[in-house]
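# Summary of the model geometry
Each chain is listed here by its residues.
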Amino acid sequence: MNFKKLVYKLGQAWRNPSLAGHLRSLKASQEWSRKDLLKLQEEKLRSLLSFAFKHSPYYRELLQNAGYDNLHEFKVKDLQYIPITFKHHLIDQNSKVQVERSLFKKTFLCETSGSSGQILTFYRDENWDSFNRAVQLRSYSWHDVQPWEPNLYFWGYNKSALKKRKIRFLDTLVNRKRIFDYDELVREKIYGKLDKFSFIEGYSSMLYEFALLLEKQGETYTHLKMVKGTSEMIYPHYQEVANKVFGKKIISEYGAAESGLIAFECPHGNMHINMEGVILESDPNEGILVTNLSSYSFPVIRYSLGDFVKLKSEDFECPCGMKHPIVEEISGRIGHNLLSEKKRYPSFILYYVFKNLFFNEGLKIDYQAHQYKIGEMEIWFKKPLEPKVEELITNEFAKYCPDIKLRLVINDNFRSVRGKLKDFINHLNEEQHEQEVS
Ligand SMILES: [Zn+2]
């Protein structure tokens, strides 16, 4: 056993004693039929609901009001009768959702922030934490990645010096080199030193910037086993440059701290839903609802993440052999609307506009949209555009939002929200608009 592997294994045994067991059962169940997986989901759901009923005052009330007091016969299809939980519920009624920590051997404090800037904190029990890590490790194994292999992590998140030092220490345990921002990337001249890493992960926009930098240097690194993007949309032109310098596309991991890992891309390019860990429902207005089957210490049941997700047809069979359903596309956030005087349009329209321009016209455009005024939209571009390109953008956008006036601006100083690069930033007060429109 090499030294890094030993350090990793010891760290894991100390922090996540139940991880190894979870990984074994997950590796077994990835071979299961859909029918068996559904049966497992139902069993896990009953057990989670019974526990939540008993120990989480928030869910007890919710279940009682929905007419449930016996959950032993509960079916997955009965979930629709339980009201949806939103992030503001988890924040405002935090202590009522949280299960008494003394019921668990060990809990970890988690902190996560939404795009609205509100912070959600909760305690995650060891079993949940370990299960989630095990799901991730199983997904890594599809790409032949061992977790202790040297890896590079683009974080894109500025933290205080003290936190940075603490994080750096923990990173050494998992053989990880973390890059906090783009300037650091250039300063440390990470390019040219990639041979020693096995995989890279980080915000998709940072991976893209990095790939562009490598392209400029004329460097290619096809030895990497996995290039994984998180948290942000991955545009087709990101993939093009990734294919060029890494010889492979950026694969997607989809999930959140409270929901756990929802889906992970297999080597055949399909994002399989982690059926052993989550139940996904789709609501026409609220997008996907997640029930996190391991979330005992802080139950997350029928939770609206605020994403629209498109699933692949049920009869599609992935060549990898797994029977877990497939997420075809995560098309964007809900509640972030582009507003005209009379209508509101989902912001993922922007993604479609630029995706169409890439596939139909071969245009690779980095943009960021801002709305300061109802009926008007400002789109920022890093480089000046040719008049023909301006016209194409304006026409494509008008196909979706004919009553929003577009202003194209050269401004390469794209703003990020809590470290994440957003494709759309709304500067309007939504509530105010709610009254104006209705
Ligand atoms: Zn697959």
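Source: prediction; values computed, not measured. (Residues numbered from 1 in each chain as written. Predicted model: local features only at pLDDT ≥ 70, side-chain atom pairs only at ≥ 80, totals over all residues. Heavy atoms only, no water.)

Our next topic: the overall build of the chain. Across its full length, the chain carries 14 helices and 22 strands. Partitioning the contacts of the chain with sequence separation of at least 6, the portion at a separation of at least 24 is 67%. With an accessible surface of roughly 21,400 Å², the chain has 50% of that area assigned to carbon and sulfur atoms. (Helix = DSSP H or I, 4+ residues; strand = E, 2+ residues; numbered from the N terminus. Contact = heavy atoms within 4.5 Å. Areas by Shrake-Rupley, 256 points an atom, 1.4 Å probe, with all protein chains shown as cover.)

The next point concerns helix α10 (residues 204-217). In this model α10 runs 20 Å from its N-terminal to its C-terminal C-alpha over 14 residues, within 8% of the 20 Å that 1.5 Å per residue would give. Among the residues of α10, Ser204, Ser205, Met206, Leu207, Tyr208, Phe210, Ala211, Leu213 and Leu214 are the ones counted as buried. Phi turns positive, to about 70°, at Gly218, one or two residues after α10. (Expected span 1.5 Å × (residues − 1). Buried < 20%, exposed > 50% of the residue type's maximum accessible area, 1.4 Å probe, protein only.)

The next point concerns the coordination of the zinc ion. Around the zinc ion, the donor atoms from the protein are Cys266 (SG), His272 (NE2), Cys318 (SG) and Cys320 (SG), and they sit 2.1 to 2.3 Å away. Between the four donor atoms coordinating the zinc ion, the angles at the centre fall across 99 to 119°, so the site counts as tetrahedral. Sequence spacing of the donors to the zinc ion: C-x5-H-x45-C-x1-C. Of this pair, His272 sits in strand β9 (residues 271-273) while Cys318 is found in the loop between β13 (307-311) and β14 (326-333), placing the two residues 46 residues apart along the sequence. There is no split in this pair, since His272 and Cys318 are both buried. (Donors = N, O, S within 2.8 Å, 3.2 Å for Na, K, Ca; no water. Tetrahedral: all angles 85-135°; square planar, octahedral: opposite > 155°, others 65-115°.)

One pass over the full model with this rule turns up 19 aromatic pairs. Ring centres of Tyr58 and Tyr59 lie 4.8 Å apart, and the angle between their planes is 85°; on these two criteria the pair is classed as edge-to-face. Each member of the pair, Tyr58 together with Tyr59, is buried. Arranged with centres 5.0 Å apart and planes meeting at 65°, the rings of Tyr68 and Phe74 form a pair that is edge-to-face. Comparing Tyr68 with Phe74, the two get one shared label, buried. (Phe/Tyr/Trp six-rings, centres within 6.5 Å; stacked < 30°, edge-to-face > 60°.)

Let's shift gears to the sheet that holds strand β11 (residues 287-292). If you trace the three strands from one edge of the open sheet to the other, you get β10-β11-β12, paired in antiparallel fashion. If you trace the sheet from one side to the other, it starts and ends with β10 (278-283) and β12 (303-304), each paired once. With six bridges connecting them, β10 and β11 associate as antiparallel partners. Its bridge partner lying in β11, Glu281 is registered against Leu289. (Pairing = 2+ DSSP bridges.)

Of all seven residues that make up strand β17 (residues 367-373), five are buried, and the element is covered over most of its length. Bridging between β17 and strand β18 (residues 376-381) involves five bridges; their strand directions are antiparallel. Paired with Tyr367 across the strands is Phe381, a residue of β18. Count of turn residues in the β17/β18 antiparallel hairpin: two residues, of which Gly375 carries a positive phi of about 85°. Bridge analysis of β17 against strand β22 (residues 424-426) gives three bridges, and the strand direction is parallel. Considered in β22, the bridge of His370 is made with Ile425.

The next thing to look at is helix α4 (residues 57-65). Those residues of α4 lying buried are Tyr58, Tyr59, Leu62 and Leu63. In a view along the axis of α4, the buried residues occupy a sector of 120°, so they form one face of it. Each element contacted by the buried residues of α4 is listed here: α3 (34-55), α5 (87-92) and α6 (94-97). Of the residues trailing α4, Gly67 is marked for its positive phi of about 90°. (Arc of directions from axis to C-beta.)

Now for the confidence of the model for the chain. Averaged over every residue, the pLDDT of the chain is 87; residues scoring 70 or more account for 88%. Segment residues 430-438 is flagged for pLDDT under 50; beyond a separation of four residues in sequence, or across chains, it makes twelve contacts in the model. (pLDDT = per-residue confidence, 0-100.)

At a minimum axis distance of 8 Å, the contact between helix α2 (residues 19-29) and helix α7 (residues 126-142) shows a crossing angle of 45°. Between α2 and α7, the crossing angle belongs to the class labelled oblique. Between α2 and α7 the crossing geometry is right-handed. Of the residues in α7, those in contact with Leu19, His22, Leu23, Leu26, Lys27 and Ser29 of α2 are Glu126, Asn127, Ser130, Phe131, Arg133, Ala134, Val135, Leu137, Arg138 and Ser141. Among the residues making up the contact of α2 with α7, the classes are represented as seven nonpolar, five polar and four charged. (Axes fitted to C-alpha atoms, helices over the stretch in contact; angles between N-to-C directions. Parallel < 35°, antiparallel > 145°, perpendicular 65-115°, else oblique. Left-handed = near helix turned anticlockwise from the far one by under 90°. Nonpolar A, V, L, I, M, F, W, Y, C, P; charged D, E, K, R; others polar.)

The next subject is a nonpolar patch on the surface. A cluster of nonpolar side chains, contributed by Phe3, Leu6 and Leu10, occupies part of the molecular surface with about 330 Å² of accessible area. Inspection of the secondary structure puts Leu6 in helix α1 (residues 3-15). Under the relative-accessibility criterion, Leu6 is labelled partly exposed at 39%. (Patch = residues over 30% accessible without salt bridge, like charges linked within 9 Å, V, L, I, M, F, W, Y side chains within 5 Å. Salt bridge = Lys/Arg side-chain N within 4 Å of Asp/Glu carboxyl O.)

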